[in-house]
Amino acid sequence: MSFHDITFYFFSTVLVLSALGVITARNPVHSALLLVLAFFTSAGLWLLLEAEFLAITLVLVYVGAVMVLFLFVVMMLDINLDRLREGFWKWFPFGALLALVMAAQMAMVLMGKQFGADEMPAPPARAADYSNTKELGRLIYTEYVYAFELAAVLLLVAIVAAIALTLRRRTGVKSLDVAKQVAVKREDRVRMVSMPSEKKE
């Protein structure tokens, strides 16, 4: 067994165990940290497949931005874990059925020969100065530029929606109206009381 195979099995094992930990951990912060570990090991598998751009994008975008933001949101919000587990057994049959369907699909992909699928063609020979990052950038900004711009617009709409949901009016939360504070006059805050002076005997 070569070093490449050992590395692949190591990363695959860590990825599967961390993915199981994401859905079985009771603490949401632990789930988020295990998801970060799953992203890192997935990036390692991308590197083994010589997809450096996808590996770096996975680490920078998901681990460096999305998961850190998600982790801070989970830590700042006081999440009621009992409320999250209310409908677990109600949706368990549907989740188990979905897991079986996904397992069957992965089995069909891994055992393609038994299902009559042809072998995948060998990758084309690459030149010494070939860069998949450069090739991917050329395709994104030429042939798939409209899809790329559409994805950017969808992300912008998601950001605006997240801000709108965060700034919605909540009941039972103390808040200050800055406009009312600025418009307050001295007469509204200070009341002058006239009292006779007292002399000590």
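Naming follows an unreviewed UniProt entry, where the protein chain appears as NADH-quinone oxidoreductase subunit J of Nitrosospira lacus. Looking at the Sequence similarities (unreviewed entry) heading of the UniProt record, one finds this comment for the protein chain: "Belongs to the complex I subunit 6 family." UniProt annotates the protein chain under Subcellular location (unreviewed entry) with the comment "Cell membrane".

S.K.: Residue-level account of helix α5 (residues 88–110), with values.
M.R.: A rise of 1.5 Å per residue sets the reference length of α5, with its 23 residues, at 33 Å; its end C-alpha atoms lie 31 Å apart and thus fit the reference within 8%. Maximal helix bending in α5 amounts to about 30°, located at Phe94.

S.K.: Please provide a residue-by-residue account of the packing of aromatic side chains, values included.
M.R.: Per the stated rule, a full pass over the model turns up 5 aromatic pairs. Ring geometry for Trp91 against Phe94: centres 6.3 Å apart, planes inclined by 75°, an arrangement best described as edge-to-face. Taken together, the positions of Trp91 and Phe94, both in helix α5 and 3 residues apart, correspond to about one turn of that helix. Each member of the pair, Trp91 together with Phe94, is exposed.

S.K.: Before we move on, could you go through unusual backbone geometry and cite the residues and values that matter?
M.R.: A positive phi angle is found at Glu50, which is not glycine, with a value near 60°. Considering the arrangement of structural elements, one finds Glu50 in the loop between α2 (28–48) and α3 (52–76). Residue classification places Glu50 among the partly exposed positions, given a relative accessible area of 44%.

S.K.: Describe the pattern of salt bridges, with residues and values.
M.R.: Considering all chains together, one arrives at 1 salt bridge under this definition. With a closest N to O distance of 2.7 Å, Arg138 and Glu135 form a salt bridge. One end of the pair, Arg138, and the other, Glu135, are both in helix α6 (residues 132–140), 3 residues apart, so they sit about a helical turn from each other. Relative accessible area serves as the criterion here: at 41%, Arg138 is assigned to the partly exposed category.

Parameters at a glance
Residues numbered from 1 in each chain as written. Predicted model: local features only at pLDDT ≥ 70, side-chain atom pairs only at ≥ 80, totals over all residues. Heavy atoms only, no water. UniProt positions renumbered as here; feature names shortened; annotations may be inferred. Helix = DSSP H or I, 4+ residues; strand = E, 2+ residues; numbered from the N terminus. Expected span 1.5 Å × (residues − 1). Bend = angle between axes of the 7 residues up to and from the residue. Phe/Tyr/Trp six-rings, centres within 6.5 Å; stacked < 30°, edge-to-face > 60°. Buried < 20%, exposed > 50% of the residue type's maximum accessible area, 1.4 Å probe, protein only. Salt bridge = Lys/Arg side-chain N within 4 Å of Asp/Glu carboxyl O.

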